[in-house]
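Notes for the structure review
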Amino acid sequence: MTSATITIPDAEAMRTFAAEVIAPQLAHGDLVILTGDLGAGKTTFTQGLGEALGVRGPVASPTFIIARTHPSEVGGPSLIHVDAYRLGSLAELDDLDLDSSLDSSVTVVEWGEGKAEALAEDRLHITLERERGGEVDMVNPDYGVREVRIRAHGDRWADVTFERN
Ligand SMILES: Nc1ncnc2c1ncn2[C@@H]1O[C@H](COP(=O)(O)OP(=O)(O)O)[C@@H](O)[C@H]1O
Ligand SMILES: [Mg+2]
């Protein structure tokens, strides 16, 4: 299992991290599980992925619709963006009305830990955490460093290293 931790200073850096470190490694059929509190940056991360994958946007919080499919505009995999917050298990993601199969897509599941593992043996777990103990910036309350941890499970990721291109 590969594991790596990286510090992300702001939202733009989160998009860049997703676009330059994670997206280049992704192919159709891949599953990414995102863990982190509300406001941790899961959707921001997914926006960076979507830009880099060249899918039709905008990537936004899917909270009220559970899953949204973003088709590729460059002949690559589509992006399936799932919010599992209200779901019990994702063993039957096929029951969701997706426009695209998991095999032909990159699937990103917010709040997916403990729910989406059944979808694939091979998966990336990405955990986003606010730094603890930092003072809240009242002028810009959204500001905040995030600690991001990547854990890769399965043979698919055995030889993959995550580095900025
Ligand atoms: N380092 C950072 N990474 C990601 N988002 C950040 C960061 N610093 C501040 N933010 C802000 O935090 C918020 C994250 O929201 P969002 O991505 O919707 O979180 P989630 O999907 O985890 O609930 C955004 O307003 C974003 O601008
Ligand atoms: Mg979100």
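Just so you know, these numbers come straight off a predicted model, no measurement behind them. (Residues numbered from 1 in each chain as written. Chains lettered and ligands numbered in written order. Predicted model: local features only at pLDDT ≥ 70, side-chain atom pairs only at ≥ 80, totals over all residues. Heavy atoms only, no water.)

**Regarding the overall build of the protein chain**
What the protein chain contains, in helices and strands, is 2 helices and 7 strands. Ordered by position from N to C terminus, the α and β elements of the protein chain give β-α-β-α-β-β-β-β-β. Counting the 165 residues in the protein chain, one finds 44% classified as buried. Put simply, 70% of the contacts in the protein chain that link residues at least 6 apart link residues at least 24 apart. Total accessible area on the protein chain stands at roughly 8,800 Å², and carbon and sulfur atoms take up 47% of it. (Helix = DSSP H or I, 4+ residues; strand = E, 2+ residues; numbered from the N terminus. Buried < 20%, exposed > 50% of the residue type's maximum accessible area, 1.4 Å probe, protein only. Contact = heavy atoms within 4.5 Å. Areas by Shrake-Rupley, 256 points an atom, 1.4 Å probe, with all protein chains shown as cover.)

**Looking at the side chain of His125**
Within the secondary structure layout, His125 lies in strand β6 (residues 123–130). Polar side-chain contacts of His125 include one of 3.1 Å to the side chain of Arg123. With residues up to four places along the chain from it excluded, the contact list for His125 reads Ile33, Glu113, Glu117, Arg149, Ile150, Arg151 and His153. (Polar contact = N/O pair within 3.5 Å; in protein donor to acceptor, adjacent residues only side chain to side chain.)

**With respect to the layout of surface pockets**
Estimates place the volume of the second largest pocket at around 250 Å³. Surrounding the second largest pocket, 14 residues form its lining, Leu38, Gly39, Lys42, Thr43 and Glu110 being those nearest its centre. Here the element with the most residues in the lining of the second largest pocket is helix α2 (residues 42–53); it accounts for 3 residues. Grouping the constituent residues of the lining of the second largest pocket by class yields 4 nonpolar, 6 polar and 4 charged. (1 Å grid on protein atoms, 1.4 Å probe; cavity = no way out; pocket = protein on both sides within 12 Å on 5 of 7 lines; lining within 4 Å. Points joined across faces, edges and corners; volume = space filled by probe spheres on them. Nonpolar A, V, L, I, M, F, W, Y, C, P; charged D, E, K, R; others polar.)

**A word on the coordination of the magnesium ion (ligand 2)**
Bound to the magnesium ion (ligand 2) on the protein side are Thr43 (OG1) and Glu110 (OE), at distances that span 2.2 to 2.3 Å. One end of the pair, Thr43, is in helix α2; the other, Glu110, is in strand β5 (residues 105–110), with 67 residues separating them in the sequence. Side by side, Thr43 and Glu110 carry an identical accessibility label, which is buried. (Donors = N, O, S within 2.8 Å, 3.2 Å for Na, K, Ca; no water.)

**A look at the packing of helix α1 (residues 11–22) against α2**
Look at α1 against α2: their axes get within 7 Å of each other, and the N-to-C directions meet at 45 degrees. Viewed along their axes, α1 and α2 adopt a mutual orientation that is oblique. For the pair α1 and α2, the sense of crossing is right-handed. Of α2, the residues touching α1 (which contributes Ala11, Met14, Arg15, Phe17, Ala18, Ala19 and Ile22) are Thr44, Phe45, Gln47, Gly48, Leu49, Glu51 and Ala52. Of the residues belonging to the contact of α1 with α2, the class tally is 9 nonpolar, 3 polar and 2 charged. (Axes fitted to C-alpha atoms, helices over the stretch in contact; angles between N-to-C directions. Parallel < 35°, antiparallel > 145°, perpendicular 65-115°, else oblique. Left-handed = near helix turned anticlockwise from the far one by under 90°.)

**Looking at the packing of aromatic side chains**
If you walk through the whole model with that rule in mind, you get 3 aromatic pairs. Between Lys42 and the ring centre of Trp111, over which it is positioned, the NZ or CZ distance is 4.2 Å. Seen from the ring of Trp157, Arg156 lies directly overhead, with NZ or CZ sitting 3.9 Å from the centre. (Phe/Tyr/Trp six-rings, centres within 6.5 Å; stacked < 30°, edge-to-face > 60°. Lys NZ or Arg CZ within 6 Å of the ring centre and 35° of its normal.)

**Examining the environment of Thr7**
The topology assignment puts Thr7 in strand β1 (residues 2–8). Along the chain, Thr7 and Glu147 lie 140 residues apart, while their C-alpha atoms are 4.8 Å from each other. Each residue touching Thr7, except ones within four places of it in the same chain, is listed here: Val145, Arg146 and Glu147. Polar side-chain contacts of Thr7 include one of 3.0 Å to the side chain of Glu147.

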